[in-house]
Structure formats: C-alpha cells, structure tokens
Amino acid sequence: MYLYAQPVLLACPPIQLKTVLAACTLEGRPIDCALHPVPVGTLATFRCKPGLKIKFGYLPASSFVSRCGLDGVWSDGPFRCERERTTAPPTTQLHCGGMKYLKPTKVLLEKIRLGKL
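The rules behind the values
- Residues numbered from 1 in each chain as written.
- Predicted model: local features only at pLDDT ≥ 70, side-chain atom pairs only at ≥ 80, totals over all residues.
- Heavy atoms only, no water.
- Helix = DSSP H or I, 4+ residues; strand = E, 2+ residues; numbered from the N terminus.
- Buried < 20%, exposed > 50% of the residue type's maximum accessible area, 1.4 Å probe, protein only.
- Contact = heavy atoms within 4.5 Å.
- Core = buried A, V, L, I, M, F, W, Y, C linked by side-chain atoms within 4.5 Å.
- Pairing = 2+ DSSP bridges.

Turning next to the overall build of the chain. Looking only at helices and strands, the chain has one helix and ten strands in total. Starting at the N terminus, the α and β elements of the chain follow one another as β-β-β-β-β-β-β-β-β-β-α. Every one of the 117 residues in the chain was classed for burial, and the buried ones make up 19%. Considering only contacts in the chain between residues 6 or more positions apart, those separated by 24 or more positions represent 51%.

Structural data, given as structure tokens:
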C-alpha cells in the first residue's frame with residue numbers, strides 16, 4: 001500500500017484593520033491582501049490611515065513589515081493607530097482695544113485638569 005502526500009498550500013488570513021492600512025506585495029508585485037487569504041511569502045507594509053498616527057506604546061515589535069510564513073501565520077502584527085490630536089487647544093477670542101487675544105476656555109481647562117485631553 002502506497003500513500004501519496006498531497007501538497008498543502010497554506011495562506012495567511014486577509015488583513016482587515018480599522019485604523020491601519022496594509023500594502024502587500026508578492027515577488028515584487030502588488031496584491032490585494034484585504035479580501036482573500038494571502039499566499040505564503042507575501043509582504044505586508046503597515047501604515048496608519050489618513051488622519052491617524054501610531055498610538056503611543058503600540059509600536060511594532062520588530063518592523064512595519066510582516067511576512068506570511070510557511071505556517072500560515074503573519075510574522076508580526078500591526079501597530080495600533082489613533083486620531084491625531086491638535087497641538088493647539090481650542091480657544092476663545094477676547095477683543096481689547098482693537099487687539100485680539102486668545103485664551104483657553106474654561107471647559108478646556110477643566111478637561112486638562114481631569115486628564116481628559
């Protein structure tokens with residue numbers, strides 16, 4: 001009795017993330033890695049979606065690139081992204097003698113005090 005092994009072609013799960021985009025290539029050619037299982041050897045390069053930045057404390061373990069391995073598992077998971085916060089707080093304008101002065105609002109100061117900003 002002879003047993004013939006059938007080749008098993010593994011694939012990694014598609015990459016579907018809310019805050020991170022993945023650009024995938026296989027042998028140097030771009031492929032879609034969001035809708036279907038992804039072939040072994042595919043490289044995924046991650047970046048935040050527009051208007052987002054890498055969330056503090058969630059940098060990738062080794063790089064911004066992940067490879068679909070022979071075991072059907074991505075080598076690295078993506079980082080997390082969050083909305084970018086503006087550096088300037090919301091302000092109100094005060095007019096005094098034709099000059100405009102900017103002053104943080106009471107609501108803003110309270111949010112800062114409570115650590116909600």
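It is worth spelling out the nonpolar core at this point. Counting residues in each nonpolar core, the largest one holds 14 residues, and the members touching the most others are I15, A44, F46, W74, F79 and C81. Every element with two or more residues in this core is listed here: β2 (20–26) and β5 (43–48). Excluding anything up to four places from it in sequence, I15 contacts A22, C24, C33, A34, A44, F46 and W74.

A few words now on unusual backbone geometry. One non-glycine residue, E27, lies in positive phi territory at about 55°. By the element assignment, E27 lies in the loop between β2 and β3 (29–31).

Direction of pairing for β2 relative to β5: antiparallel, over a ladder of six bridges. Bridged to A23 within β5 is T45. In this sheet, β3 lies alongside β2 in antiparallel orientation, the contact comprising three bridges. Pairing of T25 across the sheet is with P30, part of β3. The turn joining β2 and β3, which pair antiparallel and follow one another in sequence, is formed by two residues; a positive phi near 55° is taken by E27.

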